[in-house]
Amino acid sequence: MVGNNSSNDLFHKETSIIKNSMDIVNDEKYRDNELLTEYKNLTKHYKTLLKLTQKAFKISDAQSKNIKMRESDKKNLLDNSSQGFLTFASDLRVDREYSMECYRIFSRAIGNIKILELLFPDNEEQSRQCEDVLKTIFASKDIGIQLSFLAKLPSLVQVNDKHIDVKYKIISTGEPEEVNNTIMLILSDITEKRKAEEQVMYLSYHDKLTSLYNRAYVESMLPQLQSEASLPISIIMADMNGLKLTNDVFGHDCGDKLLINVSKVFLSCCRQSDIVARWGGDEFFLILPGASSTVCAKICQRIKDLCSRVDSDPIDLSVALGAATSETPNTNLTSLMTVAENAMYSNKLKESKKNRGKIIFSVEKSLHQYCFEDIGHIDRIKRAVTRFSEVLQAQQSRLDTNAIEDMILLARFHDVGKAAIPHAILSKPGPLTQDEWQIMRSYTEIGYRMAQSIDEPVLAQAILAFREHWDGQGYPYGLKGEKIPLITRIVSILDAYDVMTHGRPYKHKMSKDEAAKEIKRCSASQFDPNLVILFLDNLDYLVHTSDA
């Protein structure tokens, strides 16, 4: 509100007139003037009129201030509404913009710029079509026609790589002869929203890890593929070998690498028109429209060949495949998928022994690569195991063939769980911290899971117990005496002696006599005392070739 000083300044002349008039009225020399009374009344009325005028001015000024404040508030609201507002008339040029968002969207001042130039800078055809629509709107006086043509204008435009949502409003001036002569545009930048929607749509139909299509996409496409145009159609079901073992032994990051690598193989071997999808876990579906059984067989062979050429990371890439083909339009694709799935499981069973051998070989390679187990160590233990079984036989404590084979497997894989232990811990020259020791102790449980994954339950139990002690002071479960598997009690002695006499990068080797004394010292505490006696009595025979 304007202050009193401002009001007085504005009415200074009138205030001066009142003052002079009052001076005249009060002047003694005019007391007998016959016009004094009338002049006095006139001055009084003038003074009253001036007060009313000043009051009216103050009210008007306050209202003006209020209106300006409201206008400012509205502009602030519009500027912060994340929407652009502009209007244009029949000349199709912007006559007014109502928020700063317009500048952000168009990256320039837009006053008096043609609206078509702003909305369709690179699309002359669409610009021409919209110009015709707008001219029709402005030429018509019929609100129904105007609204019907307004609906023909695009609701989404692209400006400066931004996706802009556009809403149109017809603004009436209120004068009959100029009805609806202005159009307002409400502009919203939905670029980020569109990106988010596209990402959601992508993820709803794609596997996040491999970027292949997922099960939902395949199921949505089945009705479209159920047509003669897709015939002949083939389906391949693929199941990855060794994923569970990889996850258990080397961790899920390594398992994810396997899934990504096999996905690349599928994409490389399939055609652009084929659908490659991760069905779930270690299973994949490949749908091949227009592929005969011959073409399908060639693709299967390409997959097998390429898998065999991929470097082990951490194990060899291997898949079981099953395929089915239909050349008749009445075949249900879901049933065809079941046929392919059954064929895959049948092939997986037939190839299980070979695949198991491949997996064991891959794990063994990884053991040499990530740990300090050398081939010589394992070969020496295997020879010692064979000779120890002969010694037992001579003592009338014969081991059956399966036990000997299990001992040889244990010789190869007793430390396999170390492949999942960080290299920094395995190679640390000094003593381990408590946390590091807890990690290190977990390797037998990891090895147990590995053996379970390749369907070797006896080996699994033997690995799990490999750090158990005869006196019950070992780990992980504190097993005691003969509760520890026999093959574990035998191989643990052979392994300890070989490690002591050949050393490790972090441990100096001992002489044979020193190692024998250490084995004897740990008899009945760490090792089975009866087996220690048998080992020491036959030491030369058991290990005399181990240093070759």
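All residue numbers refer to positions counted from 1 along the written sequence of the respective chain. Only residues with pLDDT of at least 70 get local features here, since the model is predicted, and only at 80 or more are side-chain atom pairs given and counted; chain-wide, interface and lining totals rely on the full set of residues. To get the side-chain values, take all heavy atoms of the structure and skip hydrogens and water.

### Notes on the sheet that holds strand S1 (residues 83-88)
Going by this rule: In this analysis, strands are considered paired if DSSP registers two or more bridges between them. Secondary structure counts use DSSP, requiring at least four H or I residues in a row for a helix and at least two E residues in a row for a strand, with both numbered from the N terminus. Here an axis means a line fitted to C-alpha atoms, over the contact stretch when the element is a helix, while the angle between two N-to-C directions is reported on a 0 to 180 degree scale. Should any heavy atoms of two residues lie within 4.5 Å, those residues are considered in contact.
Strand order in the open sheet formed by five strands is S2-S1-S5-S4-S3, with antiparallel pairing between adjacent strands. In the strand order of this sheet, the two ends are held by strand S2 (94-97) and strand S3 (156-159), each with one partner. Here the average twist between neighbouring strands, direction ignored, is 35 degrees. Those strands touched by helix H7 (residues 143-150) are strand S4 (162-171) and strand S5 (182-189), and its axis lies near 180 degrees from that of S4.

### Overview of helix H12 (residues 293-309)
Selection criterion: Helix span, as expected, comes to 1.5 Å for every residue beyond the first. When accessible area is computed with a 1.4 Å probe and restricted to protein chains, residues below 20% of their type maximum are described as buried, those above 50% as exposed, and intermediate ones as partly exposed. This arc is built from the directions going out from the helix axis to the C-beta atoms.
With 17 residues, H12 extends 25 Å between its outermost C-alpha atoms, agreeing within 8% with the 24 Å of an ideal straight helix rising 1.5 Å per residue. Turning to H12, its buried residues number three or more, namely Cys296, Ile299, Cys300, Ile303 and Cys307. Along H12, the residues classed as buried sweep out an arc of 100 degrees about the axis, all on the same side. Structural note: H12 exposes Lys298, Ser308 and Arg309 on the side pointing more than 90 degrees away from its buried face. The elements touched by buried residues of H12 are strand S6 (233-240), helix H11 (252-269), strand S8 (283-289) and strand S9 (319-326).

### Some details on the packing of aromatic side chains
The condition is simple: Stacked, edge-to-face and tilted labels apply to pairs of Phe, Tyr and Trp rings (six-membered ring for Trp) whose centres lie within 6.5 Å, assigned for plane angles under 30 degrees, over 60, and everything in between, in that order.
The tally for this structure, following the rule as stated, stands at seven aromatic pairs. Aromatic pair Tyr497 and Phe535: ring centres 5.4 Å apart, planes at 65 degrees, arrangement edge-to-face. With a gap of 38 residues between them, Tyr497 in helix H21 (residues 486-502) and Phe535 in helix H23 (residues 529-537) connect regions that are remote in the sequence. Assessed through its relative accessible area of 3%, Tyr497 is described here as buried.

### Structural notes on the environment of Ile315
Within the fold, Ile315 resides in the loop between H12 and S9. Placed 87 residues apart in sequence, Ile315 and Asn402 show a C-alpha to C-alpha distance of 26 Å. With sequence-adjacent residues up to four places away left out, Ile315 is seen in contact with Asn241, Gly242, Thr246, Phe250, Leu258, Ser362 and Val363.

### Points about the side chain of Ser318
Where we set the bar: Pairs of N or O atoms within 3.5 Å make up the polar contacts considered here, provided that, within protein, one atom can donate a hydrogen while the other can accept it, and that residues adjacent in sequence are counted only when both atoms are side-chain atoms.
The residue Ser318 is located in the loop between H12 and S9 in this model. Of note is the side chain of Ser318, whose polar atom sits 2.7 Å from the side chain of Asn241. When neighbours within four sequence positions are excluded, Ser318 is seen to be in contact with Asp239, Met240, Asn241 and Asn355.

### What about the environment of Pro154?
Mapping Pro154 onto the fold places it in the loop between H7 and S3. Using a relative accessible area of 15% as the deciding quantity, one classes Pro154 as buried. Each C-alpha atom of the pair Pro154 and Glu436 lies 64 Å from the other, and the pair is 282 residues apart in sequence. Residues in contact with Pro154, not counting those within four places in the same chain, are Phe120, Gln126, Cys130, Val166 and Tyr168.

### What to know about the pattern of salt bridges
Heads up, the rule is: We define a salt bridge as a contact between a side-chain nitrogen of Lys or Arg and a carboxyl oxygen of Asp or Glu at a distance within 4 Å.
Inspection of every chain in the model, using the stated rule, returns 17 salt bridges. Lys135 is the partner of Glu131 in a salt bridge, and the nearest nitrogen-oxygen pair spans 3.5 Å. Of the two residues, Glu131 and Lys135 both sit in helix H6 (residues 124-139), four residues apart, roughly one turn of that helix. A residue is classified by how much of its surface remains accessible, and Lys135, at 48% relative accessible area, is partly exposed. Its salt-bridge partner being Lys418, residue Asp415 comes within 3.5 Å of it at the nearest N-O pair. For the pair Asp415 and Lys418, one class covers both residues: buried.

### Quick look at the sheet that holds S8
Read from one edge to the other, the open sheet built from four strands follows the order S7-S8-S6-S9, with strand pairing classed as antiparallel. Across the chains shown, the open sheet's two edge strands, defined by having one partner strand only, are strand S7 (275-280) and S9. If you compare each strand with its neighbour and ignore which way they point, the axes differ by 20 degrees on average. Two strands pair when backbone bridges link them, and S6 and S9 are joined in this way by eight bridges, in the antiparallel orientation. Its bridge partner being in S9, Ala238 is matched across the sheet by Leu321. Of the strands in this sheet, S6, S7 and S8 touch helix H9 (residues 215-225), which is tilted by about 130 degrees from S7. Sheet contacts for H11: S6, S7, S8 and S9; angle to S8, the most-contacted strand, approximately 10 degrees.

### Remarks on the environment of Arg278
Inspection of the secondary structure puts Arg278 in strand S7. For Arg278 and Ser204, which are 74 residues apart along the polypeptide, the C-alpha to C-alpha distance reads 13 Å. Contacts of Arg278, omitting those with residues within four sequence positions, involve Asp207, Leu209, Thr210, Leu212, Tyr213, Asn214, Arg215, Leu259, Glu283 and Phe284. One polar contact links the side chain of Arg278 to the main-chain carbonyl oxygen of Gly281, over a distance of 3.0 Å.

### Quick word on the side chain of Ser230
For Ser230, the location among the structural elements is in the loop between H9 and S6. In terms of polar contacts, Ser230 uses its side chain to reach the backbone carbonyl oxygen of Leu225, at 3.3 Å. Among residues more than four places away in sequence, those in contact with Ser230 are Gln224, Leu225, Pro289 and Gly290.

### Quick notes on H9
Those residues of H9 not exposed but buried are Tyr217, Val218, Met221, Leu222 and Leu225. In a view along the axis of H9, the buried residues occupy a sector of 150 degrees, so they form one face of it. Buried residues in H9 make contact with helix H8 (191-205), S6, S7, S8 and helix H13 (333-350). Between the side-chain oxygen of the N-cap and the backbone nitrogen of Ala216 there are 3.3 Å, and the N-cap of H9 in question is Asn214.

Structural measurements only, silent on function.
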